[in-house]
Amino acid sequence: GNSVTQMEGPVTLSEEAFLTINCTYTATGYPSLFWYVQYPGEGLQLLLKATKADDKGSNKGFEATYRKETTSFHLEKGSVQVSDSAVYFCALSTGTASKLTFGTGTRLQVTL
Amino acid sequence: NAGVTQTPKFQVLKTGQSMTLQCAQDMNHEYMSWYRQDPGMGLRLIHYSVGAGITDQGEVPNGYNVSRSTTEDFPLRLLSAAPSQTSVYFCASSYEAVPYEQYFGPGTRLTVT
């Protein structure tokens, strides 16, 4: 079956620090990969996605590259801001319909 | 557009009670899903629908029932609430199947005592 493993949180960084949140996956077939973000008290929002190997998804300064050889989709940002404080979820899908398999989420706290 | 709306925002039930969580979207999306979010477990798929009149089970369907009589609405029914169903419930919709973006509602926080 499909599964997603994310690094445990919480991650605490100072503003302008470099961010990496690791994500690895196990999947049957060729998955599409996603990062969703959940701000306090809100639902999830799509942050970025990649649908095939070597694709790079990017949005709002965040990037992630689909690495088939290492089954990874690590999230990076060069300089985090306090407003980036949220929970980040890595997810995948391999089939039709709208079925996503999520990781457990990583809480990011950015301080001044 | 209101997007995906969920009601109620909060609910407390006693064990054995039944209730319906409401979900509606005004984006004419064919695909809708229900997830539950539990600490340390991410989101898990309960039920999903690929169009009006068509539903199927996800990863954790036991104790829940769904129907899809219209494109807009996808209610989730708890048949006999149990403490294990204490969770935050999210409804999501998308225009087509993944990898199209899924739009999530704000969630319903349910406590079963």
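Please refer to the structure higher up on the page.
Quick caveat: nothing in here was measured; it's all calculated off a predicted structure. (Residues numbered from 1 in each chain as written. Chains lettered and ligands numbered in written order. Predicted model: local features only at pLDDT ≥ 70, side-chain atom pairs only at ≥ 80, totals over all residues. Heavy atoms only, no water.)

Peer 1: Whenever I open this one, the overall build of chain A confuses me. Can you help?
Peer 2: Each helix and strand counted, chain A has zero helices and 12 strands in total. When the helices and strands of chain A are read in sequence order from the N terminus, they spell out β-β-β-β-β-β-β-β-β-β-β-β. Taken along its principal axes, the extent of the C-alpha atoms in chain A is 45 × 30 × 20 Å. Within chain A, the fraction of its 112 residues that count as buried is 46%. Contacts in chain A between residues far apart in sequence, at least 24 positions, make up 55% of those at least 6 positions apart. Surface summary for chain A: the accessible area is close to 5,300 Å², and the carbon and sulfur share equals 47%. (Helix = DSSP H or I, 4+ residues; strand = E, 2+ residues; numbered from the N terminus. Buried < 20%, exposed > 50% of the residue type's maximum accessible area, 1.4 Å probe, protein only. Contact = heavy atoms within 4.5 Å. Areas by Shrake-Rupley, 256 points an atom, 1.4 Å probe, with all protein chains shown as cover.)

Peer 1: In this structure, what is going on with the sheet that holds strand β3 (residues 19–21) of chain A? I would like to understand it.
Peer 2: Backbone hydrogen bonds hold the strands of a sheet together, and the pairing may be parallel or antiparallel. Residue and element names in this part refer to chain A. An order of β3-β9-β8-β7 is seen for the four strands of this open sheet, with the pairing classed as antiparallel. With partners counted over all chains shown, the strands left at the sheet margins are β3 and β7 (56–59), one partner each. Put simply, the sheet's adjacent strands are angled 15° from each other on average, direction ignored. Taken together, the three bridges between β3 and strand β9 (residues 75–77) define a ladder with antiparallel strand orientation. Note on β9: the bridge partner recorded for T20 is E76. (Pairing = 2+ DSSP bridges. Axes fitted to C-alpha atoms, helices over the stretch in contact; angles between N-to-C directions.)

Peer 1: So what exactly am I meant to see when it comes to the interface of chain A and chain B here?
Peer 2: Many descriptions give the size of an interface as the accessible area lost when the pieces come together. If you look at the interface, chain A gives 21 residues, while chain B gives 23 residues. Across the chain A-chain B interface, the total number found is zero salt bridges. Put simply, chain A and chain B have three residue pairs in polar contact (both at pLDDT 80 or more) between them. Broken down by secondary-structure element, the contributors of at least two residues to the side of chain A that touches chain B are β5 (32–38), β6 (44–50) and β10 (86–93) of chain A. (Salt bridge = Lys/Arg side-chain N within 4 Å of Asp/Glu carboxyl O. Polar contact = N/O pair within 3.5 Å; in protein donor to acceptor, adjacent residues only side chain to side chain.)

Peer 1: It is not clear to me how the sheet that holds strand β1 (residues 4–7) of chain B should be interpreted in this structure. Could you clarify?
Peer 2: Residues and elements named next belong to chain B. In space, the four strands of this open sheet follow the order β1-β3-β8-β7, with antiparallel pairing throughout. Of all the strands in the sheet, the pair left with one neighbour each is β1 and β7 (64–66). Each strand axis lies, on average, 20° off the axis of its neighbour in the sheet, ignoring direction. With three bridges joining them, strand β3 (residues 19–25) and strand β8 (residues 76–78) adopt antiparallel strand pairing. Paired with M19 across the bridge in β8 is L78.

Peer 1: Can you walk me through the pattern of salt bridges in this structure?
Peer 2: When the charged atoms of two side chains with opposite charge come close together, those side chains can pair. Scanning the entire structure with this criterion turns up five salt bridges over all chains. One salt bridge connects K56 of chain A with E63 of chain A, and the closest N-O pair in it is separated by 3.6 Å. According to the relative accessible area criterion, E63 of chain A is partly exposed, its value standing at 34%. Residue R36 of chain B pairs with D38 of chain B through a salt bridge whose shortest N-O separation is 2.9 Å. By the burial criterion, R36 of chain B is buried, and D38 of chain B matches it. The network of salt bridges with common partners includes R36, D38 and R44 of chain B.

Peer 1: How do you make sense of the pairing of strand β2 (residues 11–14) of chain A when you look at a structure like this?
Peer 2: Along any regular strand the residues' side chains alternate between the sheet's two faces. Residue and element names in this part refer to chain A. A one-sided burial pattern is seen for β2, the buried positions being V11 and L13 and the unburied ones T12 and S14. Across four bridges, the pairing between β2 and strand β12 (residues 106–111) is parallel. Counterpart to S14 in the pairing with β12 is T111.

Peer 1: Please clarify how the pairing of strand β9 (residues 87–94) of chain B should be interpreted in this entry.
Peer 2: Residue and element names in this part refer to chain B. Of all eight residues that make up β9, eight are buried, and the element is covered over most of its length. In β9, alternate side chains face the same way, and those of S87, Y89, C91 and S93 on one face and V88, F90, A92 and S94 on the other are all buried. Across seven bridges, strand β4 (residues 31–38) lies against β9 in antiparallel orientation. Of the residues in β9, the one forming a bridge with Q37 is V88. In this sheet, strand β11 (residues 108–112) lies alongside β9 in antiparallel orientation, the contact comprising three bridges. Within β11, the residue paired with V88 across the bridge is R109. Pairing of β9 with strand β10 (residues 103–104), which is carried by two bridges, proceeds in the antiparallel orientation.

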